[in-house]
Amino acid sequence: MRKFFRSLTCFLSAASILTLSICTAAAYNTPDNIMLSTKNGSESISGCNLVIGDIKTSENGSDQLTAAGSLRLFGIFPVKDVNVHYTERPVVTPGGQPFGIRLYTGGLIVSRISGVPCENGSKNPAEAAGIKCGDIITHAKNQELKTNEQLMNICEKSEGEPIFLRCIRDGKYFTASVTPVLDKDLHVYRLGMWVKDSCAGIGTITFTDDKTKSFAGLGHGLYDGESGSLMPLYKGDIVPANIVSTDRGAGGSPGSLCGVFTSGEPIGTISSNSDCGIYGLCSDYFSGEKIEIAFRHEVKRGKAQILSTTEGSAPEYYNIEIEDITYNSSDPTKSIVIKITDPKLLKKTGGIVRGMSGSPIIQNGRLAGAVTHVFVNDPSRGYAVFAETMSEQNKEILMKQ
C-alpha cells in the first residue's frame, strides 16, 4: 500500500508539473488583448478554452464591444486573464509593391551637433545652449520653421545676437537661447548644428483598403539616420517607384533594393509617420486580390510567404518560416522572427534587404504581418510586425482625420 501511495504521489507531482508547464507556455503564447470577429459561446486559443464574461460597449467612446476573458486549460485550470474585443475582421489588399516616399518635417530635426571654427578656437553655440541631437526646432524668433533656409536666413541676419528657439524633446516643449558665432572660414554666422527639413526613400506597401482609400507601408517609422529620431511629419506624399537593381546582403553587411521614382506625380498623401509604419490616403494605383487580416493570436510558428518586389514593380511570393512570436512585445516592430527559406530570394538578395520593409507576410490565406528589420549578422532572418497592429494603427489615424 505504501508503494502504491508513493507511486500515486509521484504521478500527481509529475502531472502538476506538466500542467503548470502547459499553462505557463499557453500564457506566454497568448496576447493580453484578443480580437474576435464573432461572439461564439466558446473559443479555443493556444490549446486552451477562452471563457468570456459579460459583453459590453467599450468605455473609450467607440461602439466596439468588449469583454473580460479567462483562458483555462481543459476549461478548468486558470492560465491568464485577457481582454476580449469584438470587431469586424478587416479585409484589405496586400501590397508588396515598391513606392517612393517624400516626407517634409513638422519643424527642423537636429541631426548633428558640431563645432564652428572661430578666431579664438572652435565654439559650439547649440551645445552650450543645451540643444541635443533629435531635438525638433519649431520656431526661431517667434517665426514658425518649415525649411532649413528659414533658420539659415535668421542666423545670418542675427549679427551675433541671441536667437530664441522653441523646441520639442521627448514630446515636451522647451525654449533655448542660442548665440550664433562667426565662422572664420565661411564668414557667416552659424549655430553649430545641422538640421533637416525633409527626407526621401523607397519602401514597400503592406496593404491598401479600398473601403477607406487608405494605405499602410514600411512596417516601421522613418527615422533620421544620424540622430536616430523619428522624423516629425508636416506633410508628405507617395509616388510610383521601380526597383532597378539589388545589392546582395551578407553577414555583417545588409544589402538593399535600389529603386527610382518613376514619376513625380503623387499617388497618395502621408497622414502619419509612426513607429509601426507610415499611413495615409491613396488613389487606386495599387491593386490585387483582397484577403482578410489575421488576428495576432491566429499567427503561428511555421510556414508562410512574403510578397515582395526585387525587380521592377510587380511583387512575387517567396517562402519563409515564422520561427518565433512574442505576442506582448514591448517593441511591436519586433513581435515576429522570420527566416527566408526560398532559394530564389536567397540567391538574389541573400535574404532580407533594405527597401523590403513593409513586405506583407501571408499565412493560411490571411495577412499575418509585415517585414520590418533584418538581422545584421544573418540577412536570411529578421523581424516583423503583426498585421493586426498596423490595421489598428490605420483605423486610429483615420478616426482622427
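Residues numbered from 1 in each chain as written. Predicted model: local features only at pLDDT ≥ 70, side-chain atom pairs only at ≥ 80, totals over all residues. Heavy atoms only, no water.

Caption draft 1: Highlighting empty space enclosed by the protein. Throughout the structure, instances matching the rule amount to two cavities of 30 Å³ or more. Looking at the largest cavity, its volume works out to about 60 Å³. The wall of the largest cavity is formed by Thr208, Asp209, Asp210, Lys213, Ser214, Cys282, Ser283, Asp284 and Phe286. Within the lining of the largest cavity, the residues separate by chemical class into two nonpolar, three polar and four charged. If you add up the space inside the second largest cavity, you get close to 40 Å³. Forming the walls of the second largest cavity are Met35, Thr87, Pro90, Ile293, Phe295, Glu388, Ser391 and Glu392. Among the elements that line the lining of the second largest cavity, the one with the most residues is helix α5 (residues 387-400), at three residues. (1 Å grid on protein atoms, 1.4 Å probe; cavity = no way out; pocket = protein on both sides within 12 Å on 5 of 7 lines; lining within 4 Å. Points joined across faces, edges and corners; volume = space filled by probe spheres on them. Nonpolar A, V, L, I, M, F, W, Y, C, P; charged D, E, K, R; others polar. Helix = DSSP H or I, 4+ residues; strand = E, 2+ residues; numbered from the N terminus.)

Caption draft 2: Spotlight on the confidence of the model for the protein chain. Residue-level pLDDT values for the protein chain average 85, and 85% of them are 70 or greater. When the elements of the protein chain are averaged for pLDDT, helix α1 (residues 2-28) gives the smallest value, 53, and strand β26 (residues 360-363) the largest, 97. (pLDDT = per-residue confidence, 0-100.)

Caption draft 3: Structural view of the nonpolar core. Counting residues in hydrophobic clusters, the biggest one holds 24 residues, and the most contacted among them are Val299, Ile306, Ile322, Ile338 and Ile361. Elements supplying a minimum of two residues to this core: β23 (302-308), β24 (316-325), β25 (336-340), β27 (366-375) and β28 (378-386). Examining the composition of this core, we find that four residues originate from one element, β24, more than from any other. Setting aside its immediate chain neighbours within four residues, Ile338 contacts Ile320, Glu321, Ile322, Glu323, Ile352, Ile361, Val371, Ser380, Arg381, Gly382 and Ala384. Listed in part, the 18 residues of the second largest apolar core include Val110, Ala126, Ala140 and Leu151. (Core = buried A, V, L, I, M, F, W, Y, C linked by side-chain atoms within 4.5 Å. Buried < 20%, exposed > 50% of the residue type's maximum accessible area, 1.4 Å probe, protein only. Contact = heavy atoms within 4.5 Å.)

Caption draft 4: Structural context of the sheet that holds β23. What the six strands build is a closed barrel, ordered β23-β24-β25-β28-β27-β26; its pairing is antiparallel. Taken over all neighbouring pairs, the strand axes of this sheet differ in orientation by 45° on average, direction set aside. Of the pairings in the sheet, the one linking β25 to β28 comprises four bridges and is antiparallel in character. Bridge assignment links Val337 to a residue of β28, and that residue is Tyr383. (Pairing = 2+ DSSP bridges. Axes fitted to C-alpha atoms, helices over the stretch in contact; angles between N-to-C directions.)

Caption draft 5: Main features of the packing of aromatic side chains. A full pass over the atoms with the stated rule returns three aromatic pairs. Measuring from centroid to centroid gives 6.2 Å for Phe99 and Phe215, while their planes differ by 70°, and the two rings are edge-to-face. With Phe99 in strand β7 (residues 98-113) and Phe215 in strand β17 (residues 214-217), this residue pair connects regions lying 116 residues apart in the sequence. For Phe99, a relative accessible area of 0% translates into the label buried. With relative accessibility at 0%, the residue Phe215 sits in the buried group. For the ring pair Phe375 and Tyr383, a centre distance of 4.8 Å and an interplane angle of 65° mean the geometry is edge-to-face. Judged by its relative accessible area of 18%, Phe375 falls in the buried class. The exposure class assigned to Tyr383 is partly exposed, which follows from its relative accessible area of 24%. Here the guanidinium or amino end of Arg166 rests over the ring plane of Tyr173, the centre of that ring lying 4.1 Å away. When the ring centre of Tyr104 is taken as origin, the NZ or CZ atom of Lys235, which lies over that ring, is 5.7 Å away. (Phe/Tyr/Trp six-rings, centres within 6.5 Å; stacked < 30°, edge-to-face > 60°. Lys NZ or Arg CZ within 6 Å of the ring centre and 35° of its normal.)

Caption draft 6: Representation of the pattern of salt bridges within the structure. Under the criterion given, the structure shown has 17 salt bridges. Asp237 serves as the salt-bridge partner of Arg102, at 2.8 Å between the closest nitrogen and oxygen. Here Asp237 lies in strand β18 (residues 233-247) and Arg102 lies in strand β7, a separation of 135 residues in the sequence. Residue Asp237 is classed as buried on the basis of its relative accessible area of 14%. When the shortest N-O distance is used, the salt bridge between Asp183 and Arg190 registers 2.6 Å. Three or more residues are tied together by salt bridges with common partners; here these are Arg89, Glu292, Glu298 and Arg366. (Salt bridge = Lys/Arg side-chain N within 4 Å of Asp/Glu carboxyl O.)

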